[in-house]
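Remarks on the overall topology
So you can see what is in the structure, the chains are spelled out below.
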Amino acid sequence: EDPDMQLSINLEAQTVTLPDGRAVQFPIDGFARRCLLDGVDQLGFLMNMGDPIAQFEGSHAARVDTLHPNT
C-alpha cells in the first residue's frame with residue numbers, strides 16, 4: 001500500500017526485515033538460492049563445475065563413443 005516502504009532482504013539468511021524491524025523467514029529452493037548468491041544462472045553454475053566434471057569423466061570409462069557412432 002505504501003510505495004515508499006523499504007524492506008531489507010537477506011538472501012543468505014532467507015529473511016525479509018520489515019520497516020518495524022521484524023525479520024520474517026521465507027523459503028527458497030536451495031539451488032536457486034546458490035545461483036542468486038553466486039550471481040549465475042543454471043548454465044553459469046555448470047560452467048563453474050568444469051574441474052569436477054573433468055575429474056569425474058577422467059575417472060570413468062566412456063560408455064558410448066559419441067565421436068565415432070558408426071564404429
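Residues numbered from 1 in each chain as written. Predicted model: local features only at pLDDT ≥ 70, side-chain atom pairs only at ≥ 80, totals over all residues. Heavy atoms only, no water.

Things to note about the environment of threonine 66
This is how it is decided: Numbering of helices and strands starts at the N terminus; helices are DSSP runs of H or I of at least 4 residues and strands are runs of E of at least 2. Each residue is placed in one exposure class: buried if its accessible area under a 1.4 Å probe, protein chains only, is under 20% of its type's maximum, exposed if it is over 50%, and partly exposed if it falls in between.
Along the chain, the position of threonine 66 falls in the segment after helix H3 (50-58). According to the relative accessible area criterion, threonine 66 is exposed, its value standing at 65%. For threonine 66 and leucine 37, which are 29 residues apart along the polypeptide, the C-alpha to C-alpha distance reads 35 Å.

Looking at the environment of glutamine 14
Quick note on the threshold: Note on contacts: a residue pair qualifies if any of its non-hydrogen atoms lie within 4.5 Å across the two residues.
Here glutamine 14 lies in the loop between strand E1 (8-10) and strand E2 (15-17). Each C-alpha atom, one on glutamine 14 and one on glutamine 25, is 5.5 Å from the other, the two residues being 11 residues apart in sequence. In contact with glutamine 14, other than residues within four places in its own chain, are Val24, Gln25, Phe26, Pro27, Ile28 and Arg33.

A word on the sheet that holds strand E3 (residues 23-25)
For clarity, the threshold we go by: Whether two strands pair depends on DSSP finding at least two bridges between them. Every axis corresponds to a line fitted to the C-alpha atoms, with the helix fit spanning only the stretch in contact, and the corresponding angles, defined between N-to-C directions, vary from 0 to 180 degrees.
Strand order across the open sheet formed by 3 strands is E1-E2-E3, with antiparallel pairing between neighbours. Among the strands making up the open sheet, the edge pair consists of E1 and E3. Strand-to-strand twist of the sheet, defined as the mean angle between neighbouring strand axes without regard to direction, takes the value 20°. For E2 and E3, the ladder comprises 3 bridges, and the chain directions are antiparallel. Within E3, the residue paired with valine 16 across the bridge is valine 24.

Notes on the packing of aromatic side chains
This is how the line gets drawn: Stacked, edge-to-face and tilted are the three classes for Phe, Tyr and Trp ring pairs, Trp counted by its six-membered ring, which pair at centre distances within 6.5 Å; planes under 30 degrees apart are stacked, over 60 edge-to-face, the rest tilted.
Taken as a whole and judged by the stated rule, the model has 1 aromatic pair. For the ring pair phenylalanine 31 and phenylalanine 45, a centre distance of 5.0 Å and an interplane angle of 85° mean the geometry is edge-to-face. Of the two residues, phenylalanine 31 sits in helix H1 (residues 30-38) while phenylalanine 45 sits in helix H2 (residues 42-47), which places them 14 residues apart along the sequence. Assessed through its relative accessible area of 36%, phenylalanine 31 is described here as partly exposed.

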